[in-house]
Structures are given as structure tokens and as C-alpha cells.
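# Structural overview
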Amino acid sequence: MNTGFGLPKPFLRPRLQHPQAVAMNKQPGQNDKHNHAQTCPHIHTAHSNECPVKPSAASSCPYHGKSNAATNGPAARRTASIAAHLFQAENAYQEQTSVLPFEAIPGPRTEDERTYRTDNHAYLMRLHDQYGDVFRIIRRGKPVVFVRSADLVRRVLLSEDDFDKTFDADHASTPTLQYLMNIMQPLLKTAEVFKSTDNHQHRFLLKSIFNASDVFAPGFLRVVRATLETWPTHAKHFDTLRASHHLVFAAVMVIIMGENQSYTKEFYDEATNVLEHFEQRYSKPMFDVKINAEDEAVMARLEAAGLAVVKEFRRRIGEGTQTLPGQSEEITKRSMLYTMMQVGSGHGGPGGDAAKFSDEEICGTMINTLLAASEGPASGLSTTMYDLVRNPEVQERFCREVRSLAQQFTGADYLNELLENQYVHGTVLEGLRMKTPVAIVQRRAMHDTTIGSYAVPKGTIIGVCIAAVHKDKNQFSCPHQFDPVCFPCMLSTVPASPCLSLAPPCPTFAHLSTARMRAQRHNLPPRDPDPHSAC
């Protein structure tokens, strides 16, 4: 039997009838032997009513040959309990293996675009509350399926053989810029590694960078501490978002070019201009998502400034002057720019005889990495600081934990201990959960497959509203309460964390305590009225 999507309909085993239902349907005085196939745990189907336990061993099977009155004893109740568990397991099996047609997925069918554009994740959260963990809508004439439960989210995001990445935003993009739904700035199309097409070779070339967190850790520490020294210890008004962007910019540039960032000011200024431009543009209700000429112009200026950095880095590497005294040469040689410049150069870099990267592609990769890696952490840092100030008891304990570790450890050991500290780790994850910096993640079905109990045809867009996952009461007991302690407890009970914003959490966040941000409570906005705040 075929479901219409190339999926064979699985063989469905007979359901076990619940023992309570058996008792309700039994006639007065009826001998249990007649219902033995439905109640005895030794018999798993209704194909036979023969119990494998010998009749002489009456104690081995409390149902076999017993009268109706005998089934009310303790042994019968224990057996009924076992049968009930079998009943539940069988039903769960059938629910997982019964494939329903794609059209059976519940949902409003047509998306309310205006509500989505103005209410965004809150709109999707309401749809999940109304329709459950899986619902379907029609967006621009195409079906989009949203999932929320932890098991379905893991399947969609981790099953690389079934789902691939997709921007699903070509309608708003241009030949040079790719519009994205989950970060503010568009990305340059000159960077192959960021495209949604098959780019595994490009990603493989950069693998040595992504696996070098221990190498970069000392550089992170030095640039973060230097940046925090410029922050005020007491200020009535402080732009935490802008300061966080500057901090994360410095940390990400360690990965891109090492610790010597002395000639990146113009590049940083243009990156800030891009941020401000799109902040203003996208803050207007019902803004036009299509990239326009002004968008192209501000991104072109950023690209020109980036090319200047790439060329200067190449020159300094050639002269041996990129790494300054007191800085790590190993960090420089593991950086993104250095790695990409060695490809195909004959100097023993990764890639062997692979074609060289052009300066334009190196620049595009650098800019896209900076934009994609900076916006989420910067947003997460600033909103978590806001939550800490609104929860002073959490802030005080968090600071004590960080100071204590700083007195005992240094360098990479310090960062590792920060990540191992349950309260620090829980605070970071809780900050990301409460106000996730990534709104929506999308995938595309690579072939006919299933989502839960529903058939999903090839090419279907699958969406994950991260805020809906993080505020799901089925996964978090108090989803609207900032509680760093409950997060590690929850993590110990599930195979993987449903917190999807960042993995692993940004280690630089812990250093924010050293800035001693003691914002006065009377300068904070009042708490937002939240009908869900009482758990």
C-alpha cells in the first residue's frame, strides 16, 4: 500500500485492548478465560487465546482459568498494570508508524502575513498553542510546516540526509546579496561557503578553523579584557547593544585574522553603518523585504573596506609583520584569512592542489562570518544583561561564581571551567532561551520523508520557531521565568539540549561580570505585563 509520497505504509500490529476497557465490556459472571487474549500479558495478539503458561502453574498466570472474582486480587492488578504499559507502548508504536497524508497536517492553511510581519514569533507561538507541535501554513503559495517538540526539532536540524539548509528567500535577494530571515543584514553571494547549495568542499577547507577553539581561547581572553576596559563601571545610560557588538566584533576578528586588528577601524565603522542602516530600515512596520539600491550601496562600501583589510593582511603575512610582540603566531596561522590564502598556494596549506580563493571570495567569507557570527551573540549578550539587572539575586551569584573561577584559573583553563560551572552555564543558556537571538531556522526536505506521523513530500520547507520551542510548557516547567538552576536539571533528562540559539554558549559572556554593570533599578523600564509570568 502506498501513501502517495513513495513511502510504503508500514504493517500495523493489532492493538492491545486496555485492561480497564476489558473489565467494562465484560458481562456479569463471564469467565476471564474468554477474554484471556485481551488481558493476559503473555499473549501479545488476538490471533490466539492459548497462554504459553501451563494450566497447572496457576500462580504463574493469574488470569488463566480464573473466575471473574479472582481477577480483583493483587496479582491480577499487577498483571493489569503490566498490560496497561504494553497497551500504551503499542499505541505509541502505532502513532509513530502510522503515516498520515501531508494534507492531514493541521493548521490555518493560509498565513496571515500582516500579523506575521508585525507579531512575528508571537504569531507562530499562538499557532503552535492552537494546533500543536506540527502545523502547516501556505506562504506565497507554497506549504511550510512548523515543528516544535524536541524530538522533531532534533530530527529536522540534525538529519543531514533528510533535510538541507535553505534560505527560501530568493524572491527578496539580488544577484549580489542574499536576503535572510533570521539575521538582520544580507550576506554577500561571493562567499561559496555560505550558499545553500552543495558546498561541503569549501566547508571542509575551513574545518581546521572551526575545530580550533582551544587555540583561539587565549586570544579571546586578551581582546575581550581589553575591550571591557573601555566600558564604564558606572553609567546612567549605556548602550549595551552597541557595546556588545563592538565586543563580539573584536572576538570574532580573532578567528578571522588573529589578534592584530590595528588596521580594521574603517572596516569596523562600515560594519557599524551597515548595522544601523538595516536597524532603521527593518524597524518600520511592513517594510519591503526586497533588497534595494541603498542596501546594495552600504554593503558595497563594507565590501570595499573588507578588501582593504584582506590585501593588508596578505602584505603583512608576506613581510612577517602580522603577529605583533606578545601575540600568538599560532592563532594567526589558524585564522580564516591565513587558511584561505594558503589554499592552492603550494605552501602546505589545506586543500592541496585546489584552486586559490580570490581576494573577493576571501573578503565575502570574512564579512559573512562577521555578520552571521556577531549579531546573535551581541543580541544575546545585551538581552541577558537586561535580564540579569532585572534579577539582581541571579546577577550577584553569577558574578561571585565568575570571580571565584578567575582567582583559581587562567587562560584556556579558565574558559573551560566557566563552561563547566553549572550556574554560569545555566545563566548563559537561560539568557538565550528567554530572548533567543535567532527567530526562525529553516530546512528543506531532500526527498519524500516523514515528520512525526505525517508524510512530507520532497522540497517542503520545514520551519522551527525558536521562541516557540524555548517557551513550550511541555519542555520547560516555568517557560516565562528566568531560572538558571532549572536549565541544567532539564538538560540532564533529555538526550540533547533544545536550546537552539547558540552551541556552545559564547564564552566571552562570562567576562561581562567584570564590567560591573550596576544599573540603577529606577532607570530600568517597568516590567512588561505578562499573563504567563506566574508559574
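Look up: the structure comes first, before these words.
Attention here is on the structure that accompanies the text. (Residues numbered from 1 in each chain as written. Predicted model: local features only at pLDDT ≥ 70, side-chain atom pairs only at ≥ 80, totals over all residues. Heavy atoms only, no water.)

Next up on the list: the overall build of the protein chain. Secondary structure assignment for the protein chain yields 20 helices and 10 strands. In the protein chain, which comprises 535 residues, the share counted as buried stands at 47%. At a minimum sequence separation of 6, the contacts of the protein chain that also span at least 24 residues come to 69%. Looking at the protein chain as shown, the accessible area adds up to about 26,900 Å², and 53% of this sits on carbon and sulfur atoms. (Helix = DSSP H or I, 4+ residues; strand = E, 2+ residues; numbered from the N terminus. Buried < 20%, exposed > 50% of the residue type's maximum accessible area, 1.4 Å probe, protein only. Contact = heavy atoms within 4.5 Å. Areas by Shrake-Rupley, 256 points an atom, 1.4 Å probe, with all protein chains shown as cover.)

Closest axis-to-axis distance for the helix α9 (residues 213-228)/helix α10 (residues 240-257) pair is 9 Å, and the angle between their directions is 155°. Relative to α10, the element α9 is oriented roughly antiparallel. Along this stretch, α9 crosses α10, giving a crossing that reads as right-handed. Facing F216, G219, F220, V223, V224 and T227 of α9, the residues of α10 in contact are H246, L247, A250, A251, V254 and I255. Of the residues belonging to the contact of α9 with α10, the class tally is nine nonpolar, three polar and no charged. (Axes fitted to C-alpha atoms, helices over the stretch in contact; angles between N-to-C directions. Parallel < 35°, antiparallel > 145°, perpendicular 65-115°, else oblique. Left-handed = near helix turned anticlockwise from the far one by under 90°. Nonpolar A, V, L, I, M, F, W, Y, C, P; charged D, E, K, R; others polar.)

What follows deals with the packing of aromatic side chains. On inspection of all chains with the given rule, the structure shows eight aromatic pairs. Pairing F216 with F220 gives two aromatic rings, centres 6.3 Å apart and planes at 35°, and the pair type is tilted. Taken together, the residues F216 and F220, both in helix α9 and four residues apart, mark about one turn of the helix. The exposure class assigned to F216 is buried, which follows from its relative accessible area of 2%. For the ring pair F249 and Y268, a centre distance of 4.8 Å and an interplane angle of 65° mean the geometry is edge-to-face. Linking F249 in helix α10 with Y268 in helix α11 (residues 265-282), this pair joins segments that are 19 residues apart in sequence. Exposure class is identical for F249 and Y268. Each is buried. One aromatic cluster is present, built from ring pairs that chain together Y179, F278, Y282 and F287. When the ring centre of F287 is taken as origin, the NZ or CZ atom of R117, which lies over that ring, is 4.8 Å away. (Phe/Tyr/Trp six-rings, centres within 6.5 Å; stacked < 30°, edge-to-face > 60°. Lys NZ or Arg CZ within 6 Å of the ring centre and 35° of its normal.)

Take the pairing of strand β2 (residues 134-139) next. Counting buried residues in β2 gives five out of six residues, a clear majority hidden from the surface. As judged from the two bridges shared by strand β1 (residues 109-110) and β2, these two strands associate in the parallel manner. Paired with T110 across the bridge in β2 is I138. (Pairing = 2+ DSSP bridges.)

One non-glycine residue, R140, lies in positive phi territory at about 50°. Considering the arrangement of structural elements, one finds R140 in the loop between β2 and β3 (142-147).

As a further point, take α10. Its 18 residues give α10 an end-to-end C-alpha distance of 25 Å, which sits within 8% of 26 Å, the value for a rise of 1.5 Å per residue. At the N-terminal boundary of α10, the capping side chain belongs to D239, with an oxygen 3.3 Å from the backbone nitrogen of L241. Following α10 by one or two positions, G258 adopts a phi angle in the positive range, close to 95°. (Expected span 1.5 Å × (residues − 1). Polar contact = N/O pair within 3.5 Å; in protein donor to acceptor, adjacent residues only side chain to side chain.)

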